[in-house]
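The chain contents come next:
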2 protein chains.
Amino acid sequence: MKIGIVGGTGDIGEGIAMRLSPHHDVVIGSREEDKAESSCVACTAALTELGIPCCLTGFSNQEAVDRSDIVILAIPFRHLVPTLSSLHGFEDKIVVSPINPMEKREFFVYTPPEEGSAALLVRKMLPEDTRICSAFNTVAANKWKALTEELDLAVPVCGDDAGAKATVMELIRSIPGVKPYDAGPLAVSCMVECLTPLLLNIARYNKMKDVGIQFR
Amino acid sequence: MKIGIVGGTGDIGEGIAMRLSPHHDVVIGSREEDKAESSCVACTAALTELGIPCCLTGFSNQEAVDRSDIVILAIPFRHLVPTLSSLHGFEDKIVVSPINPMEKREFFVYTPPEEGSAALLVRKMLPEDTRICSAFNTVAANKWKALTEELDLAVPVCGDDAGAKATVMELIRSIPGVKPYDAGPLAVSCMVECLTPLLLNIARYNKMKDVGIQFR
């Protein structure tokens, strides 16, 4: 299965790419293909140095969509509408939203769009036969990029298509130390998206770094 | 410090009472004083059988408020307005809301009041000098009542008064295996309250029981 990461040159995109590419073909996408290529070289070098084989290529965002079965939208919420509007070819693909609409005031606040969540906005913008999941929302980029750090994290997944959800959960399970949890349909993806501002507040007020979540 | 539990005869109230009463004076409150007394006898018996000394008494909800420094509102959201309207004497007290407004449809959905959260509604209803915190929101009653089970749980606390928040966090810290986290001001208590429907969905969809949360 080929994974495309739209906005793959950002911290979260690179973090996901580095953790998935030892197990899957990953295409890092970017608005500028050059940046995608450099990011790809940097990530491959970091993995190779640790003796971890990987399969990473860099292309435009559109090619990342075209070349993949699963597309991960690793973009900030403010770029969501312009980016999705500029891309096509999502028919029959699985699209994963790790996007958390939030604002940083004195503290972090969850600020969902009127659709109810970023994932529901993605649902509205993409073709009907695109299967949408929200996942990877609580990825602390620094933790995922610190390849020598062992992960011990929960990744809640929302989605309305059982097959797509199972595929995304399998994808998550391929990353050592990361456990997927079915968190219900897209209708409740807001409750997963708002974990991230909660975790950022907890990090801030308790002097912690890169806080992750676990369910026990 | 004396702890009063309004609605202390419910599962969550009893769970909190049993975990706090070995370390603090706890007053179980109920609309019916008889029920509070029976609950008190049952909880004391359960603790005594395990050789755990405790200090528990049962009274009316109003007396639970009057006799306490910290009042925990262990009531379902639908009882919040009528219960608070029927009680008085909250001046200068610390009031803790573990209340999660939610609905069970096919799955659990967070349904906050127009104030933004249950804790903010409590804030609006009580006197200005009452210091409000939200805490104990994610208590899985069965887990807390299973006294032989070791806990390993995070309890996020929101509040606007630093002193009250520190006191509530200290109270939580007195329960072995439970760790308080400062989750910010009351303004973001919605992000803590909606953890509970999320955890209930995760329990349901992943065939788990009494799911708790941890931050790592």
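Our subject is the structure that appears above.
Figured I'd write up the structure that's included with this text. (Residues numbered from 1 in each chain as written. Chains lettered and ligands numbered in written order. Predicted model: local features only at pLDDT ≥ 70, side-chain atom pairs only at ≥ 80, totals over all residues. Heavy atoms only, no water.)

Structural notes on the nonpolar core
Logical step 1: In this structure, Leu73(A), Phe215(A), Leu73(B) and Phe215(B) are the most contacted members of the largest nonpolar core, which totals 74 residues.
Logical step 2: When neighbours within four sequence positions are excluded, Phe215(B) is seen to be in contact with Leu198(A), Leu199(A), Ile202(A), Met208(A), Val211(A), Gly212(A), Ile213(A), Ala154(B), Pro156(B) and Tyr181(B). (Core = buried A, V, L, I, M, F, W, Y, C linked by side-chain atoms within 4.5 Å. Buried < 20%, exposed > 50% of the residue type's maximum accessible area, 1.4 Å probe, protein only. Contact = heavy atoms within 4.5 Å.)

A word on the sheet that holds strand β10 (residues 178-182) of chain A
Residue and element names in this part refer to chain A.
Logical step 1: The mixed open sheet is built from 8 strands, whose spatial order is β3-β2-β1-β4-β5-β8-β9-β10. The open sheet has two edge strands with one neighbour each: β3 (55-60) and β10. Within this sheet the neighbouring strands show an average axis-to-axis angle of 25°, counted without direction.
Logical step 2: Where strand β2 (residues 25-30) and β3 come together, 6 bridges link them in parallel fashion. Looking at the pairing, aspartate 25 lines up with cysteine 55 of β3. (Pairing = 2+ DSSP bridges. Helix = DSSP H or I, 4+ residues; strand = E, 2+ residues; numbered from the N terminus. Axes fitted to C-alpha atoms, helices over the stretch in contact; angles between N-to-C directions.)

Considerations on the sheet that holds strand β4 (residues 70-73) of chain B
Residue and element names in this part refer to chain B.
Logical step 1: Here we have 8 strands laid out as an open sheet, ordered β3-β2-β1-β4-β5-β8-β9-β10, and mixed in their pairing. Taken across any chain shown, the strands that pair with only one partner, and hence form the sheet edges, are β3 (55-60) and β10 (178-182). With direction set aside, neighbouring strand axes in the sheet form an average angle of 25°.
Logical step 2: Where strand β1 (residues 2-6) meets strand β2 (residues 25-30), 4 bridges bridge the pair, whose relative direction is parallel. Looking at the pairing, glycine 4 lines up with valine 27 of β2.

Quick word on the packing of aromatic side chains
Logical step 1: For the coordinates displayed, the defined rule picks out 4 aromatic pairs over all chains.
Logical step 2: On the numbers, 5.8 Å between centres and 85° between planes, the contact of Phe136(A) with Trp144(A) is edge-to-face.
Logical step 3: Here Phe136(A) falls in the buried class, since its relative accessible area comes to 1%.
Logical step 4: Residue class for Trp144(A) comes out buried when judged on its relative accessible area of 0%.
Logical step 5: Just above the ring of Tyr205(B) sits the side chain of Lys165(A); from NZ or CZ to the centre is 5.6 Å.
Logical step 6: Against the face of Phe59(B) rests Arg67(B), its NZ or CZ located 3.7 Å from the ring centre. (Phe/Tyr/Trp six-rings, centres within 6.5 Å; stacked < 30°, edge-to-face > 60°. Lys NZ or Arg CZ within 6 Å of the ring centre and 35° of its normal.)

A word on the pattern of salt bridges
Logical step 1: Within the structure shown, the criterion is met by 18 salt bridges over all chains.
Logical step 2: Measuring nitrogen to oxygen at the nearest pair gives 3.7 Å for the salt bridge that ties Asp152(B) to Arg216(B). With Asp152(B) in the loop between α6 (141-145) and β9 (153-159) and Arg216(B) in the segment after β11 (213-215), this residue pair connects regions lying 64 residues apart in the sequence.
Logical step 3: Overall, the relative accessible area of 42% leaves Arg216(B) in the partly exposed class.
Logical step 4: Among the salt bridges present, the one from Asp182(B) reaches Lys165(B), with a minimum N-O distance of 2.6 Å. One end of the pair, Asp182(B), is in strand β10; the other, Lys165(B), is in helix α7 (residues 162-173), with 17 residues separating them in the sequence. No difference in accessibility class separates Asp182(B) from Lys165(B), as the two residues are buried.
Logical step 5: Taken together, the salt bridges that share partners define one network made up of Asp11(A), Glu14(A) and Lys145(A). (Salt bridge = Lys/Arg side-chain N within 4 Å of Asp/Glu carboxyl O.)

Regarding the interface of chain A and chain B
Logical step 1: Contacts between the two partners involve 33 residues from chain A, matched on the other side by 33 residues from chain B.
Logical step 2: For the pairing of chain A and chain B, the buried interface totals around 2,500 Å² over both sides, and the portion due to carbon and sulfur atoms is 70%.
Logical step 3: The interface formed by chain A and chain B holds 0 salt bridges in total.
Logical step 4: If you look at where chain A meets chain B, you find 9 residue pairs in polar contact (both at pLDDT 80 or more).
Logical step 5: Of all the elements in the fold, those that place two or more residues in the side of chain A that touches chain B are β7 (108-110), β10, α8 (189-193), α9 (195-205) and β11 (213-215) of chain A.
Logical step 6: No other element matches α9(A), which puts 7 residues into the side of chain A that touches chain B.
Logical step 7: Here the side of chain A that touches chain B is built from residues that sort into 24 nonpolar, 5 polar and 4 charged. (Buried area = accessible area lost by both parts, 1.4 Å probe. Polar contact = N/O pair within 3.5 Å; in protein donor to acceptor, adjacent residues only side chain to side chain. Nonpolar A, V, L, I, M, F, W, Y, C, P; charged D, E, K, R; others polar.)

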